[in-house]
Amino acid sequence: MGVAIGMLAVAVLGFSPAASASPASFVAKAVHANGAGALGVQGTGGLAWYSRSVTLTSVKFYANAGECGYLTAWGWQGSTLLDTYETGLYCGGSTGQWFTIGNIPLDGSQVSGGITKVEVYVDDYYHYVTGYAYCGRTNSVCTTGQF
């Protein structure tokens, strides 16, 4: 009976696995000089897609020497924002540093169909550069870039 209740909770909250064509990882980078210079900040991690939700897994954030920044994640269905997450400010010190953020769950269970797209942003605090990874549930890879 306990197993049946657990399975029901998984189905109701939207944590059953999604299609295998979904992207499994992301990298978002903010690079100086419009992409031609030194790396400012970077975010990496995996993506575990579920029927209505998604979890960014093993998320790490890198801030280069003398740089500071933060990471945000947005879960969307169409033009409707369903869930968000934002880290605090991380600074790389004098040598640059990786920071372990861990898992970031984004919940879309409140809407039929749930989260269909995730946007991950890394912001270079001092240079006003934002790198992104746009990951759709039906895409095989994430689209990356910066502005």
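A brief look at the structure comes next. If you're wondering where the values come from, they're calculated on a predicted model, not measured in any experiment.

**Comments concerning the sheet that holds strand β1 (residues 25-31)**
Paired through their backbone hydrogen bonds, the strands of a sheet run either parallel or antiparallel.
Here's step 1: The sheet built from 4 strands is open, its strands ordered β1-β2-β3-β7 with antiparallel pairing. Edge positions in the sheet fall to β1 and β7 (97-106), since each has one partner strand and no second. Averaged over all neighbouring strand pairs, the angle between strand axes comes to 15°, with direction disregarded.
Here's step 2: Bridge count between strand β2 (residues 39-49) and strand β3 (residues 54-63): 8 bridges; the pairing is antiparallel.

**Re a nonpolar patch on the surface**
Here's step 1: On the surface, L89, Y125 and Y126 cluster together into a nonpolar patch covering about 330 Å² of accessible area.
Here's step 2: Of note, Y126 is situated in the loop between β8 (117-124) and β9 (129-136).
Here's step 3: Since its relative accessible area comes to 46%, Y126 is described here as partly exposed.

**A word on the pairing of β2**
Side-chain direction in a regular strand flips from residue to residue, so the side chains alternate between the two faces of the sheet.
Here's step 1: Where burial is concerned, most of β2 is hidden: 10 out of the 11 residues are buried.
Here's step 2: Of the pairings in the sheet, the one linking β1 to β2 comprises 7 bridges and is antiparallel in character. Bridging across to β2, V31 finds its partner in L39.
Here's step 3: Linking two consecutive strands that pair antiparallel, namely β2 and β3, is a turn of 4 residues.

**Notes on the state of the cysteines**
Here's step 1: By the definition in use, this model includes 2 disulfides.
Here's step 2: Across a sulfur-sulfur distance of 1.9 Å, C68 and C91 are joined as a disulfide pair. One disulfide, between C68 and C91, carries an S-S torsion of 110° and so falls in the right-handed class. Within this pair, whereas C68 is found in strand β4 (residues 68-77), its partner C91 is found in strand β6 (residues 90-91), the two being separated by 23 residues in sequence.
Here's step 3: Assessed through its relative accessible area of 4%, C68 is described here as buried.
Here's step 4: Residue C91 is classed as partly exposed on the basis of its relative accessible area of 36%.

**Digging into the environment of W98**
Here's step 1: As for its position among the elements, W98 is in strand β7.
Here's step 2: On the accessibility criterion, W98 (44% relative accessible area) is partly exposed.
Here's step 3: Put simply, W98 and Q42 are 56 residues apart on the chain and 9.1 Å apart in space, counted from C-alpha to C-alpha.
Here's step 4: Setting aside residues no more than four positions away along its own chain, W98 makes contact with Q42, T44, K60, F61 and Y62.

Cut-offs and rules
- Residues numbered from 1 in each chain as written.
- Predicted model: local features only at pLDDT ≥ 70, side-chain atom pairs only at ≥ 80, totals over all residues.
- Heavy atoms only, no water.
- Pairing = 2+ DSSP bridges.
- Helix = DSSP H or I, 4+ residues; strand = E, 2+ residues; numbered from the N terminus.
- Axes fitted to C-alpha atoms, helices over the stretch in contact; angles between N-to-C directions.
- Patch = residues over 30% accessible without salt bridge, like charges linked within 9 Å, V, L, I, M, F, W, Y side chains within 5 Å.
- Areas by Shrake-Rupley, 256 points an atom, 1.4 Å probe, with all protein chains shown as cover.
- Salt bridge = Lys/Arg side-chain N within 4 Å of Asp/Glu carboxyl O.
- Buried < 20%, exposed > 50% of the residue type's maximum accessible area, 1.4 Å probe, protein only.
- Disulfide = S-S within 2.5 Å.
- Contact = heavy atoms within 4.5 Å.

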